[in-house]
Structure formats: structure tokens, C-alpha cells
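Letter by letter, the chains look like this.
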Amino acid sequence: MPLSEMMWVEKYRPATMAELVDQESVKQRLQALLQKKEQLPHLLFAGPPGSGKTTTAAIIARYILGEPWHDYTLSLNASDERGIDVVRERIKTFARFADRREGVPYRLVILDESDEMTSDGQTALRRIMEENSAHTRFILICNYSSGIIEPLQSRCAIFRFQRYGEGPVVEHLKAIAKKEKLEHSGDSVFGAIYEATQGDLRQAINMLQAASATGEITLDSVRSVTGATVKGRVADIMSAALDGDFEAARSKMVELTRVYGVPERDFLKYANESLGGIKVPDLGKVISILAEYDFRLVQGSQPELQLTAMLAQISSLKEKAS
Ligand SMILES: Nc1ncnc2c1ncn2[C@@H]1O[C@H](COP(=O)(O)OP(=O)(O)OP(=O)(O)O)[C@@H](O)[C@H]1O
Ligand SMILES: [Mg+2]
């Protein structure tokens with residue numbers, strides 16, 4: 001059995017708009033647009049990880065193109081593809097086969113992580129979109145719409161996906177638990193998973209699956225997996241740094257970003273959140289350090305170097321204090 005079949009995030013990924021939980025305003029606007037699918041504009045989906053962007057893009061593709069949607073959809077990850085030239089070539093080749101099969105109005109290009117493209121790349125992308133607009137629609141996906149250049153934004157209908165609230169996440173986890181015939185010690189286990197994942201549904205479902213490995217889901221089994229989450233690891237790194245142990249903090253951070261591929265700005269976000277749970281003498285100082293490095297990352301400085309420097313600075317607070 002391939003891994004994807006064993007993973008609940010895939011097993012329970014919705015295939016139709018009706019199965020999508022929450023995201024009401026996105027669904028309503030999309031349904032209105034899909035009434036006239038020939039006139040569908042390019043779309044831009046912005047929102048945090050695990051908020052349903054990729055899932056929704058696939059639902060739209062299936063709705064517009066029918067079951068052979070895979071044949072008429074090109075899915076690219078902008079950050080994987082080496083540069084805009086590769087993207088252009090792949091789109092060109094793809095769009096060239098503009099056979100007009102019955103019921104297939106155009107082809108779709110889904111470009112994930114498009115905010116990772118340089119602004120030169122995005123400018124080129126804008127031309128590519130125009131050149132191919134007769135037979136192609138684009139769905140651009142990103143975490144931050146601020147990372148997309150204005151001329152691209154203005155060519156798209158923008159949809160903002162929100163983090164899921166506690167209600168929908170708990171409902172969804174309960175429904176999965178029921179289908180999987182899981183024993184659980186009470187509804188508080190779902191609340192605890194929500195607490196640890198803060199509206200990232202992918203992470204919540206993965207955590208449910210991990211916590212179920214021992215059989216019954218209890219608060220203990222949930223805690224044992226939340227400790228191992230990215231958020232928990234970032235919190236450990238921050239404690240090490242605040243303790244003055246720069247070396248430990250640095251090597252764990254490198255592991256987390258290189259091996260687990262945690263985006264550097266997410267690292268800073270989790271670092272900030274972790275400060276809520278611990279006693280920090282120089283809280284204001286630590287937060288302004290985080291803010292300073294967040295700013296540097298947005299400006300495009302070398303991320304690993306910046307995070308290392310940040311941990312060094314936080315670690316040195318302890319030396320000064322003692
Ligand atoms: N509205 C939803 N209803 C039901 N399940 C959902 C919904 N949104 C997300 N999921 C579940 O969460 C998983 C992750 O969602 P998805 O891949 O669409 O997130 P994403 O927004 O593309 O995240 P990323 O930015 O990390 O790529 C899906 O496989 C699906 O199981
Ligand atoms: Mg995605």
C-alpha cells in the first residue's frame with residue numbers, strides 16, 4: 001500500500017466543494033464564479049499552511065475539467081522549479097496541446113508557493129499568463145499575498161483562506177475518528193489537538209493519526225505526539241537559547257529547517273508563540289530581537305545565517321544576566 005493511502009490527510013481529503021468544511025466565504029464566492037466556468041478569471045489563493053488551498057484548487061480542477069482533470073492540469077511548485085525559464089518551458093509545452101476536448105473549456109496551471117518566486121520571475125510569469133490566456137487559467141497559491149507583485153494580484157480574483165477555528169477542526173477530527181472506529185477518552189482530546197495545531201488542519205489530522213497509533217486516544221497519547229511537533233521543537237530551541245546554550249539551539253535549528261524543511265518565518269512565528277508558555281526575564285528584548293530578524297528575512301537575507309545570529313543574540317542575554 002503506498003504511503004499516501006495510509007495517510008489520513010490524503011484519505012480524507014475532500015473531493016467536492018460540499019465536503020469542504022468551513023471557509024464559508026471562500027466557498028460562496030467560488031461557487032458564484034463557477035456558475036460561468038468559461039469566464040473564470042485567474043485565481044490567487046492566499047493563506048496559512050493546512051487551510052485547504054491545494055485541496056480547493058484540485059476540487060475546482062475536477063469540477064471544471066471532469067475526471068480526466070489530471071490530464072488537463074499542470075501542477076508546479078514555484079520554489080522547486082529552477083527559475084522562471086523552466087516554468088515558462090513547462091507551461092509552453094503544456095499549453096501547446098490545446099486540443100479542445102468536449103466539455104474541457106481550458107487547461108489549468110496550478111502554481112504552488114508562487115510567493116517564493118523572485119519579482120523578476122513574477123514579472124515573467126505575468127507575461128506567460130497573458131500569452132497563454134486563450135486556453136489556460138492559472139491558480140496561484142501562496143502563504144502571503146504580500147509576496148505577490150501588484151500586477152499579478154490585479155490579474156487574479158483573490159481568495160483569502162483563514163486558519164480553521166476550534167469548532168470546525170474538532171468536528172472534522174471527530175468525524176474521522178468515527179470512521180476509523182477509534183476509541184477515545186473524551187472530546188477533550190480533540191480540543192487538545194486543536195490547541196497544539198492552531199487551525200492547521202493538516203497538522204491536526206496528522207496528529208490524530210499519530211496519537212491513535214497506540215490504540216485508544218487519550219490526553220496522554222495526544223501529549224506524547226504534540227511534544228514532537230514542530231511547534232514543540234521550536235519551543236525547545238528557544239528554551240535552549242534562553243538558557244544560554246547557543247550550540248544546542250543552533251544545531252537543533254539547523255536540523256529543523258534543513259531536515260524537516262520548516263520555513264524560517266514559521267520558525268520565528270512559533271518562537272514568538274513559545275514565549276507565552278515560559279518565564280522570560282527580558283521578554284520585551286527577546287521579542288524585539290524576533291521582530292528585527294523577521295524583518296531581515298522578509299528583506300531576503302540568507303535565512304540560516306540570520307536565524308543563527310538571532311539565536312546567538314538571545315543566548316547572549318543569559319550571559320549578560322548571570
Ligand atoms: N476545508 C477542509 N475540509 C476538510 N479537510 C480539509 C479542509 N482543508 C484542509 N483539509 C485537510 O487538510 C489537508 C491539508 O490541506 P491542503 O493541502 O489543502 O492545505 P494547504 O492550504 O494547501 O496547505 P499548504 O500551504 O501547507 O500547502 C488536506 O489533505 C485535507 O485532508
Ligand atoms: Mg498546499
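Residues numbered from 1 in each chain as written. Chains lettered and ligands numbered in written order. Predicted model: local features only at pLDDT ≥ 70, side-chain atom pairs only at ≥ 80, totals over all residues. Heavy atoms only, no water.

**A few points about the overall build of the chain**
Logical step 1: In terms of regular secondary structure, the chain is built from 16 helices and five strands.
Logical step 2: Over its C-alpha atoms the chain spans a radius of gyration of 22 Å, differing by no more than 12% from the 20 Å that the globule rule assigns to 322 residues.
Logical step 3: The principal-axis extents of the C-alpha atoms in the chain amount to approximately 70 × 50 × 35 Å.
Logical step 4: In the chain, buried positions account for 45% of the 322 residues.
Logical step 5: Summarising the internal contacts of the chain: among those between residues at least 6 apart in sequence, 73% fall at separations of at least 24.
Logical step 6: Carbon and sulfur atoms provide 50% of the accessible area of the chain, an area that totals close to 16500 Å².
Logical step 7: Where the 40 positive side-chain charges of the chain centre and where its 44 negative ones centre are 4 Å apart. (Helix = DSSP H or I, 4+ residues; strand = E, 2+ residues; numbered from the N terminus. Rg over C-alpha atoms; globule rule 2.2 N^0.38 Å. Buried < 20%, exposed > 50% of the residue type's maximum accessible area, 1.4 Å probe, protein only. Contact = heavy atoms within 4.5 Å. Areas by Shrake-Rupley, 256 points an atom, 1.4 Å probe, with all protein chains shown as cover. Lys, Arg positive; Asp, Glu negative; His and termini not counted. Charge placed at Lys NZ, Arg CZ, Asp CG, Glu CD.)

**Observations regarding the sheet that holds strand E4 (residues 136-142)**
Logical step 1: In spatial order, the strands read E2-E3-E4-E1-E5; together these five strands make up an open sheet with parallel pairing. Looking at which strands have only one partner, the edges of the open sheet turn out to be strand E2 (73-77) and strand E5 (156-160). Recorded for the sheet is a direction-independent mean angle of 15° between the axes of neighbouring strands.
Logical step 2: Across the face of the sheet, helix H3 (residues 24-34) comes into contact with strand E1 (42-46) and E5 while running at roughly 155° to E5. (Pairing = 2+ DSSP bridges. Axes fitted to C-alpha atoms, helices over the stretch in contact; angles between N-to-C directions.)

**What to know about the side chain of Ser212**
Logical step 1: Along the chain, Ser212 falls in the loop between helix H10 (201-211) and helix H11 (219-226).
Logical step 2: Given the relative accessible area of 12%, Ser212 is considered buried.
Logical step 3: Within polar-contact distance, the side chain of Ser212 engages the backbone oxygen of Gln209 at 2.7 Å.
Logical step 4: When residues no more than four places from it in sequence are discounted, the contact partners of Ser212 are Trp8, Leu182 and Ile217. (Polar contact = N/O pair within 3.5 Å; in protein donor to acceptor, adjacent residues only side chain to side chain.)

**Details of the domain arrangement of the chain**
Logical step 1: Assigned domains within the chain: domain 1 (23-160), domain 2 (166-226) and domain 3 (230-321).
Logical step 2: Centre-to-centre separation of domain 1 and domain 2, based on C-alpha positions: 33 Å. (Domains from an automatic or database assignment.)

**Describing the packing of aromatic side chains**
Given two aromatic rings, one states the distance between the centres and the angle between the planes to describe the pair.
Logical step 1: With the rule as written, the count across this model stands at two aromatic pairs.
Logical step 2: Seen in terms of ring centroids, Phe45 and Phe159 are 5.8 Å apart; in terms of plane orientation they differ by 80°. Their pairing is edge-to-face. With Phe45 in strand E1 and Phe159 in strand E5, the pair connects residues that are 114 residues apart, well separated along the chain. With respect to burial, Phe45 and Phe159 carry one shared label: buried.
Logical step 3: Relative to Phe161, the ring of Phe45 has its centre 5.0 Å away and its plane inclined at 55°; by these criteria the two rings are tilted. Residue Phe45 is located in strand E1, and its partner Phe161 is located in the loop between E5 and helix H8 (166-179); the two are separated by 116 residues in the primary sequence.
Logical step 4: Lying over the aromatic face of Phe159, Arg29 brings its terminal NZ or CZ to 4.0 Å of the ring centre.
Logical step 5: Note that Arg107 overlies the ring of Phe94, its terminal NZ or CZ placed 5.0 Å from the centroid. (Phe/Tyr/Trp six-rings, centres within 6.5 Å; stacked < 30°, edge-to-face > 60°. Lys NZ or Arg CZ within 6 Å of the ring centre and 35° of its normal.)

**Considerations on the site of ligand 1**
Logical step 1: Not every one of the 20 residues close to ligand 1 is listed here, only the nearest: Val9, Lys53, Thr54, Thr55 and Tyr164.
Logical step 2: Contacts to ligand 1 include Val9, whose backbone N or O atom sits 2.8 Å from an oxygen atom.
Logical step 3: Coverage of ligand 1 by the protein amounts to 93% of the 630 Å² it exposes when considered alone.
Logical step 4: Tallied by class, the residues present in the shell around ligand 1 amount to ten nonpolar, seven polar and three charged. (Near = heavy atom within 4 Å. Nonpolar A, V, L, I, M, F, W, Y, C, P; charged D, E, K, R; others polar.)

**What to know about helix H5 (residues 83-96)**
Logical step 1: Its 14 residues place the ends of H5 21 Å apart at the C-alpha level, agreeing with the 20 Å of an ideal helix rising 1.5 Å per residue.
Logical step 2: Taken residue by residue, H5 has Ile84, Val87, Ile91, Phe94 and Ala95 as its buried positions. The buried side chains of H5 occupy one side of the element, clustering within an arc of 95° when seen end-on. In H5, the exposed positions angled more than 90 degrees off the buried face are occupied by Asp85 and Arg96. (Expected span 1.5 Å × (residues − 1). Arc of directions from axis to C-beta.)

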